[in-house]
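Descriptive structure summary
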Amino acid sequence: MQLYIDQMASPLGKLLVVASETVVCAVKFDDAEGPLVSALQKRFGPQLSLREADDPLAACSALTDYLNGDLTAVDTLPVDGGGTPFQARAWAALREIPAGTTENYGQLAARLGKPTASRAVGAANGRNPINIIVPCHRVIGADGSLTGYGGGLWRKRWLLAHEGTLPPETGELPL
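Scoring rules and cut-offs
Residues numbered from 1 in each chain as written. Predicted model: local features only at pLDDT ≥ 70, side-chain atom pairs only at ≥ 80, totals over all residues. Heavy atoms only, no water. Helix = DSSP H or I, 4+ residues; strand = E, 2+ residues; numbered from the N terminus. Rg over C-alpha atoms; globule rule 2.2 N^0.38 Å. Buried < 20%, exposed > 50% of the residue type's maximum accessible area, 1.4 Å probe, protein only. Core = buried A, V, L, I, M, F, W, Y, C linked by side-chain atoms within 4.5 Å. Contact = heavy atoms within 4.5 Å. Salt bridge = Lys/Arg side-chain N within 4 Å of Asp/Glu carboxyl O. Polar contact = N/O pair within 3.5 Å; in protein donor to acceptor, adjacent residues only side chain to side chain. Arc of directions from axis to C-beta. pLDDT = per-residue confidence, 0-100. Pairing = 2+ DSSP bridges.

1. Some points on the overall build of the protein chain
Across its full length, the protein chain carries 6 helices and 6 strands. Along the protein chain, from the amino end to the carboxyl end, the secondary structure elements read β-β-β-α-β-α-α-β-α-α-β-α. Against the 2.2 N^0.38 benchmark of 16 Å for 175 residues, the protein chain shows a C-alpha radius of gyration of 16 Å, consistent with a compact globule. Across its three principal directions, the C-alpha atoms of the protein chain cover 45 × 35 × 25 Å.

So this is what it looks like as structure tokens:
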């Protein structure tokens, strides 16, 4: 399996972007490629070939546009994060949450037809390999609190403020 990797600077730190010829496979906040490469090898097996490329699938350009204020720039990028069937459904449902809005874990579970599966939804979010494009940062606690984010809560707070959901001056979600 041939995959292409690029890295880009962002206000949130370095982003590593990985794509095949047809889909974005990973977007991670990272200062070292080791954990990402290890996860990709686990997913794709020893036949994985990872080659540096400029802006694979124009994902870096779309991410730059998003970070510069075009909040829909990443919405149409094709993605495949792998995962279990439930994880894939949860990740697809995340892409239905519009920029500038949030949903809690229970609401997302209910939309998936599994109203008692909010913890499973949380676990799926925690394993999301495609940050920002698959916007797990838009999922919050039932009480409006910022709960869990693989990139760190400070990044979740930044992304929500960037999208206008979290007033930067208060650090609180509007209820």
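2. Digging into unusual backbone geometry
Its identity is not glycine, yet A58 carries a phi of approximately 60°, on the positive side. Of note, A58 is situated in the loop between β4 (49–52) and α2 (59–67). The phi torsion at I132 lies on the positive side, around 70°, for a residue other than glycine. Relative to the helices and strands, I132 is located in the loop between α5 (118–126) and β6 (139–140). For I132, a relative accessible area of 1% corresponds to the buried category.

3. A look at the nonpolar core
In this structure, V27, L63, Y66, L94, I132 and I133 are the most contacted members of the largest nonpolar core, which totals 37 residues. For this core, the elements supplying multiple residues, two or more each, are β2 (15–19), β3 (24–29), α2, α3 (85–94), α4 (105–111) and α5. No other element matches the 6 residues that α2 contributes to this core. Apart from the residues lying within four places of it in its own chain, the contact partners of Y66 are L71, A73, V74, I132, H137, R138, L159, H162 and E163.

4. Here's the deal with the pattern of salt bridges
Under the criterion given, the structure shown has 4 salt bridges. Put simply, E163 and R138 hold a salt bridge, and the shortest N to O gap is 2.8 Å. Taken together, the residues span a long stretch of sequence, with E163 in the segment after α6 (153–162) and R138 in the loop between α5 and β6 at a distance of 25 residues. With respect to class, E163 is no different from R138; both count as buried. Here the residues in one salt-bridge network are E96, E103 and R111, joined through shared partners.

5. Details of the side chain of Q87
With respect to the element layout, Q87 can be found in helix α3. Note on Q87: relative accessible area 12%, which makes it buried. For Q87, the side chain forms a polar contact with the main-chain nitrogen of T84, separated by 2.8 Å. Dropping the residues within four chain positions of it, Q87 is found in contact with A124 and R127.

6. Side note on α5
Residues V121, A124 and N125 constitute the buried set of α5. The buried residues of α5 occupy an angular sector of 100° when the element is viewed end-on, so they sit on one face. Seen from the buried face of α5, the exposed residues on the opposite side, beyond 90 degrees, are R119 and G126. Those residues of α5 that are buried are in contact with α3, α4 and β6.

7. Observations regarding the confidence of the model for the protein chain
With 93% of its residues at a pLDDT of at least 70, the protein chain reaches an overall mean of 92. The element-level mean pLDDT for the protein chain is lowest in helix α1 (residues 34–44), coming to 89, with α2 highest at 98.

8. Remarks on the pairing of strand β1 (residues 2–8)
A regular strand carries its side chains on alternate faces of the sheet. Most of β1 is tucked away: 5 of the 7 residues are buried. Sheet analysis places β1 next to β2, joined by 5 bridges and oriented antiparallel. Bridging from a neighbouring strand, M8 pairs with L15 of β2. Between β1 and β2, which pair antiparallel one after the other, the connecting turn spans 6 residues, and G13 there sits at a positive phi close to 105°.

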